[in-house]
Amino acid sequence: MTRATTVRAVLAAAVLLVSALITLTMSPRLGLDLQGGTRMVLQAKDSDTAKADRESTDRTLEVLRQRIDSLGVAEPTLTRSGEDRIIVELPDVQDPRKAAEVIGRTAQLSFHAVQGPGTQDNGPGTEDNGKTDDRADGGPTLADEQGRSLDLGPARLSGAGVKDATAVFDAQQGAGWTVSLDFHKKAGRDWTRLTGEAACHPVQDERRRVAIVLDQQIISSPQVSPSVGCGVGLPSGSTQITGSFSADEARELALLIKGGALPLPVEIVEQRTVGPTLGAAAIDASARAALIGAAATALFITVVYRLFGALAAVALAAYGLISYAALVALGVTLTLPGLAGFVLAIGMAVDANVLVFERAREEHAQRPGRTLRSSLTAGFRGAWSAVADSNVTTLIAAGLLFFLGSGPVKGFGVTLAIGVIASMFSALVIARALTEIASDSRFVNDYRGVNGIASPGRVRTWLTRRNPQLMRSPRRWLLISTALIAVAVLGILVRGVNLGVEFTGGRLVEYSTSRPVDVERARSALADAGFGDAEVTTAGAGDLSVRTGKLDDDGEQVLRAALAEEGGKTTKIRDELIGPSLGDELRRNALIALGIAVLVQLAYLAIRFRWTFALASVGALVHDVIILVGAFAWLGRTVDGIFLAALLTVIGYSVNDSVVVFDRLRELWAKARRAPVGTIANQAVLQTVPRTVNTGMGALFILTALAVLGGDSLADFALALLIGICVGTYSSVLTAVPAALVLERSSKAPPPARKRGPSRRSGSRTARRDPLDNGARV
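Predicted model, so just to flag it, every value in this text is computed and none were measured.

Here we look at the packing of helix H20 (residues 641–671) against helix H23 (residues 736–746)
Okay, step 1: Two numbers describe how H20 lies on H23: the axes approach to 10 Å, and their chain directions differ by 45 degrees. In terms of axis orientation, H20 runs oblique to H23. Crossing geometry of H20 relative to H23 is assigned as right-handed. Residues Ser658, Val661, Phe662 and Trp669 of H20 form the contact with H23, whose participating residues are Ala736, Val737, Ala740 and Glu744.

Thoughts on the state of the cysteines
Okay, step 1: Applying the stated rule across the entire model yields one disulfide.
Okay, step 2: What pairs with cysteine 200 in a disulfide is cysteine 230, and their sulfur atoms sit 1.8 Å apart. What sets the handedness of the cysteine 200 and cysteine 230 disulfide is the S-S torsion sign, and at about 80 degrees it is right-handed. Of this pair, cysteine 200 sits in the loop between helix H5 (185–198) and strand E10 (210–214) while cysteine 230 sits in the loop between strand E11 (217–220) and strand E12 (239–245), and the two are 30 residues apart along the sequence.

What about the environment of asparagine 656?
Okay, step 1: Within the element layout of this structure, asparagine 656 appears in helix H20.
Okay, step 2: Classification of asparagine 656 as buried rests on a relative accessible area of 5%.
Okay, step 3: Sequence-wise, asparagine 656 and threonine 394 are 262 residues apart; in three dimensions their C-alpha atoms are separated by 6.9 Å.
Okay, step 4: Residues within four places of asparagine 656 in sequence aside, it is in contact with Asp351, Ser390, Thr393, Thr394 and Arg691.

Concerning helix H17 (residues 553–567)
Residue pairs spaced three or four apart in an α-helix point in one direction, given the helix's 3.6 residues per turn.
Okay, step 1: With 15 residues, H17 extends 20 Å between its outermost C-alpha atoms, agreeing within 8% with the 21 Å of an ideal straight helix rising 1.5 Å per residue.
Okay, step 2: Along H17, the positions that sit buried rather than exposed are Asp553, Gly555, Glu556, Leu559, Ala562, Leu563 and Gly567. All buried residues of H17 fall inside an arc of 165 degrees around its axis, so they share one side. Along H17, the residues that are exposed and aim more than 90 degrees away from the buried face are Asp554 and Glu565.
Okay, step 3: After H17 finishes, the residue glycine 568 shows a positive phi value of roughly 75 degrees.

Points about the sheet that holds strand E8 (residues 162–170)
To summarise the sheet geometry, strands pair through backbone hydrogen bonds and adopt either a parallel or an antiparallel arrangement.
Okay, step 1: With antiparallel pairing, three strands are arranged side by side in an open sheet as E8-E9-E12. With partners counted over all chains shown, the strands left at the sheet margins are E8 and E12, one partner each. Along the sheet, successive strands turn relative to each other by an average axial angle of 25 degrees, direction set aside.
Okay, step 2: In the sheet, E8 pairs with strand E9 (residues 176–183) via eight bridges, with the strands oriented antiparallel. Bridged to aspartate 170 within E9 is glycine 176.

With respect to the packing of aromatic side chains
Okay, step 1: Summed over the entire model, instances satisfying the criterion amount to 10 aromatic pairs.
Okay, step 2: Note on phenylalanine 609 and phenylalanine 613: the rings are 6.5 Å apart at their centroids and 45 degrees apart in plane angle, and the pair reads as tilted. Neither residue differs from the other here; phenylalanine 609 and phenylalanine 613 are each classed as buried.
Okay, step 3: Geometrically, the ring pair formed by phenylalanine 632 and phenylalanine 643 is tilted, given 4.7 Å between the ring centres and 50 degrees between the ring planes. Of this pair, phenylalanine 632 sits in helix H19 (residues 611–635) while phenylalanine 643 is found in helix H20, placing the two residues 11 residues apart along the sequence. Taken as a pair, phenylalanine 632 and phenylalanine 643 share a single burial class, namely buried.
Okay, step 4: Pairwise contacts between aromatic rings join Phe111, Phe183 and Trp191 into one cluster.
Okay, step 5: One residue, arginine 432, lies across the ring of phenylalanine 380, its end atom 4.5 Å from the ring centre.
Okay, step 6: One residue, arginine 476, lies across the ring of tryptophan 477, its end atom 5.1 Å from the ring centre.

Focus on the confidence of the model for the chain
Okay, step 1: Of the residues in the chain, 87% have a pLDDT of 70 or more, and the chain-wide mean is 80.
Okay, step 2: Model confidence for the chain, summarised as mean pLDDT per element, is weakest for helix H4 (residues 96–103) at 68 and strongest for helix H14 (residues 474–494) at 95.
Okay, step 3: Here residues 757–778 is a poorly scored stretch, pLDDT under 50, and it has 31 contacts once near neighbours within four places are set aside; other chains count.

Regarding the sheet that holds strand E3 (residues 77–81)
Okay, step 1: Pairing is antiparallel across the open sheet formed by eight strands, whose spatial order is E3-E4-E2-E13-E19-E16-E18-E17. Each edge of the open sheet carries a strand with a single partner, namely E3 and strand E17 (535–538). The average undirected angle you get between the axes of adjacent strands in this sheet is 20 degrees.
Okay, step 2: The pairing of strand E16 (residues 506–513) with strand E18 (residues 543–548) spans six bridges and is classified as antiparallel. Residue pairing in the sheet places serine 512 in a bridge with aspartate 543 of E18.
Okay, step 3: Those strands touched by H17 are strand E13 (266–274), E16, E18 and strand E19 (570–578), and its axis lies near 30 degrees from that of E16.
Okay, step 4: Contacts from helix H18 (residues 580–608) reach strand E4 (85–91), E13 and E19, with the element oriented near 70 degrees to E19.

Quick look at the nonpolar core
Most often, soluble globular proteins have nonpolar side chains that are buried together.
Okay, step 1: Core analysis: the biggest nonpolar cluster contains 134 residues, and Phe308, Leu628, Phe643 and Phe662 have the highest contact counts within it.
Okay, step 2: The biggest single contributor to this core is helix H7 (residues 276–329), with 18 residues.
Okay, step 3: If we ignore the near neighbours within four places in the chain, the residues touching phenylalanine 643 are Leu628, Val629, Phe632, Thr638 and Ala720.
Okay, step 4: In terms of nonpolar packing, the next biggest core, distinct from the first, is built from 26 residues, Leu157, Trp191, Val224 and Leu234 among them.

Concerning the pattern of salt bridges
Okay, step 1: Under the defined criterion, the tally for this structure stands at 33 salt bridges.
Okay, step 2: Note that arginine 507 and aspartate 553 form a salt bridge whose closest N and O atoms lie 2.9 Å from each other. Taken together, the residues span a long stretch of sequence, with arginine 507 in strand E16 and aspartate 553 in helix H17 at a distance of 46 residues.
Okay, step 3: For arginine 507, a relative accessible area of 1% gives the class buried.
Okay, step 4: Owing to a relative accessible area of 16%, aspartate 553 belongs among the buried residues under this scheme.

Digging into the side chain of aspartate 575
Okay, step 1: Tracing the backbone shows aspartate 575 in strand E19.
Okay, step 2: The exposure class of aspartate 575 is buried, given its relative accessible area of 0%.
Okay, step 3: A polar side-chain atom of aspartate 575 sits 2.7 Å from a polar atom in the side chain of arginine 507.
Okay, step 4: Among the polar contacts made by the side chain of aspartate 575, one reaches the side chain of lysine 572 at a distance of 3.2 Å.
Okay, step 5: The contact partners of aspartate 575, leaving out residues within four places of it in the chain, are Gln271, Arg272, Thr273, Arg507, Leu508 and Val509.

What to know about the packing of helix H9 (residues 350–366) against helix H10 (residues 372–404)
Okay, step 1: Contact pair H9 / H10: the axes reach a minimum separation of 7 Å and the direction vectors enclose 135 degrees. Put simply, H9 runs oblique to H10. When the axes of H9 and H10 are compared, the crossing they make is right-handed. The segment H9 lies against H10, with Asp351, Ala352, Leu355, Val356, Phe357, Arg359, Ala360, Glu363 and His364 engaging Ser375, Leu376, Ala378, Gly379, Phe380, Gly382, Ala383, Ala386, Val387 and Ser390.
Okay, step 2: Here the residues of the contact of H9 with H10 are counted per class, giving 11 nonpolar, five polar and three charged.

Re unusual backbone geometry
Okay, step 1: Not every positive phi belongs to a glycine, and glutamine 204 is a case in point at roughly 75 degrees.
Okay, step 2: Counting through the fold element by element, glutamine 204 comes out in the loop between H5 and E10.
Okay, step 3: Under the relative-accessibility criterion, glutamine 204 is labelled exposed at 65%.
Okay, step 4: Phi at asparagine 467 is positive, roughly 45 degrees, even though this residue is not glycine.
Okay, step 5: By the secondary structure assignment, asparagine 467 is in the loop between helix H13 (458–466) and H14.

Thresholds applied
Residues numbered from 1 in each chain as written. Predicted model: local features only at pLDDT ≥ 70, side-chain atom pairs only at ≥ 80, totals over all residues. Heavy atoms only, no water. Axes fitted to C-alpha atoms, helices over the stretch in contact; angles between N-to-C directions. Helix = DSSP H or I, 4+ residues; strand = E, 2+ residues; numbered from the N terminus. Parallel < 35°, antiparallel > 145°, perpendicular 65-115°, else oblique. Left-handed = near helix turned anticlockwise from the far one by under 90°. Contact = heavy atoms within 4.5 Å. Disulfide = S-S within 2.5 Å. Buried < 20%, exposed > 50% of the residue type's maximum accessible area, 1.4 Å probe, protein only. Expected span 1.5 Å × (residues − 1). Arc of directions from axis to C-beta. Pairing = 2+ DSSP bridges. Phe/Tyr/Trp six-rings, centres within 6.5 Å; stacked < 30°, edge-to-face > 60°. Lys NZ or Arg CZ within 6 Å of the ring centre and 35° of its normal. pLDDT = per-residue confidence, 0-100. Core = buried A, V, L, I, M, F, W, Y, C linked by side-chain atoms within 4.5 Å. Salt bridge = Lys/Arg side-chain N within 4 Å of Asp/Glu carboxyl O. Polar contact = N/O pair within 3.5 Å; in protein donor to acceptor, adjacent residues only side chain to side chain. Nonpolar A, V, L, I, M, F, W, Y, C, P; charged D, E, K, R; others polar.

Structure (structure tokens):
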């Protein structure tokens, strides 16, 4: 065993040991779509006194954090997004109405002296309850919590002066639940002065009250205790508000007083609620799909590449452990799309191994007398360029998902990027160490039929014997691709693209009913309840999906009650609310993401290859995007954020395949600069077809398992990738290469220069040595 192999083996063992320790000692952070809960996106708006900038949004976030902490939500998460948005995640909160009511209040809190009974009675709980009747001294007339109309003086103290407010149960005095107030130093003096002035009025006189006003409504008007003398007042820290509060009322009042005023008003532009059972089902379904798909992929590469394929399957299992440990160690929040990306990356992880093994087969077929070890080393060396370029293009797609996506799509981008890096390590370090150790075995060398490299494989044998001239008429393939695009565009124009609420705005709610409900009966029930424009469809086994343009939380309760009359107990399992402005923004960002993806891929390929190759690859990429969107239009499937993640992944996969073909074309053309480019292109395609087919099969096993076993949450994601990979496999060979040939024939650019490398003696059968292999053996 060489020193380089020993280094790889030790490095692999160390990484696997650390990954195992992380997996056993740390738990993953699950997103709300997997553990259940509510996610809100709040947009801060300009007010009369403040502008929605980064600093004021941060102050708003801190006030919201105090309010949410007081709600008792376990492990809430609040983060600022951009200049004026705040993302709030509340695990295990299934009914966001109360949370939205509390955290969304502007809560302009003030303390007023009561001048006397008001001249109008607005009545409790009526629409006039918040109206004011400004008098000459600037004070409003408001109805208190008992419905009495009170004339108030100007505000003497604001909520900013409150240091703490606590709900307390007073059993000794028999006052029940009260709210204890503590003020900052200056505000405490103002409070003492205010209550001292009120104490100068007789008991039961309205002027002995102090009104606490929140958002132009009196939330409490406690009377100063008879024991407090005129001009003495109440000291800060010993003030209690009484009022026959229940425990919840006292806590909410303390929360609102303590939280103080939001620096800016906020609006809920996005709200998503997922039931815990749905998240648990998604985890179970994804786990089953991952196990079955990975087992099928491992079996497939073992059958194709025999012993070396089995060792690659071991490296595949190691990849799963390393990438999972990396997600946990980095604290990445694992969302449903991220989980799908993790499963998908398992299928794509075999790509580097397939590239190496197919190249090793070629090297051995060209020089049958060379050792198994030298063929394997040549395979790793020859495949390195294609492995690097193909993985970089996938990382570009992952980066675009992270920087241009939102919410769960970002998580998918992170997961995909970690998966790509882990897959390269598993293939170039772990799989290489295992296969090199095996190639030094006398048994493996004596019985070469077991290793999987000595034989060329059925696909390569058939192609070598038939030698089909696929590139004889490249324009014919371009016409076929044009026809496919025309069919896709026709679907977009005729059927239209079914944009999800994420892009259009509105509300999408899924319900589970105890009794089966026919869709038509559900539509009729909702129409009778005033929701005639609601779209009702089935969602999974017996579940109903309701989509409306505009629906607040109170309206959702009415809608659920209407369904309950038909289906019995009705449980909300998913709730998505997207504001129209956010929908427009997300739709615009999706188009920008696609445009940037095309330009970045074009620039990278132009630098790494030739402009003709780059333009042809991007043309095939656009071809794949149009066909995938058209297929979803014909099928009537929803185009949402998850579809966008799948689409950008298809872009990376499509360019990945094209890179492998063009990398081989560049290599062969550099060796035979005078040969017709069409002949060279045909040879490059035939040499890379086995890799393309085997890699695609590995991914298809995983995606089929996701589509069949992954549940409704992942069905559209898996379907988009299934279509995209099939179309991408076709286009990388029969669209990108013909387009490059047409461009090359119209271009006067010289053939690519041959890469310089260590000189070889003429007729030598000794391959260039691995730079890490010093020849030392034990």
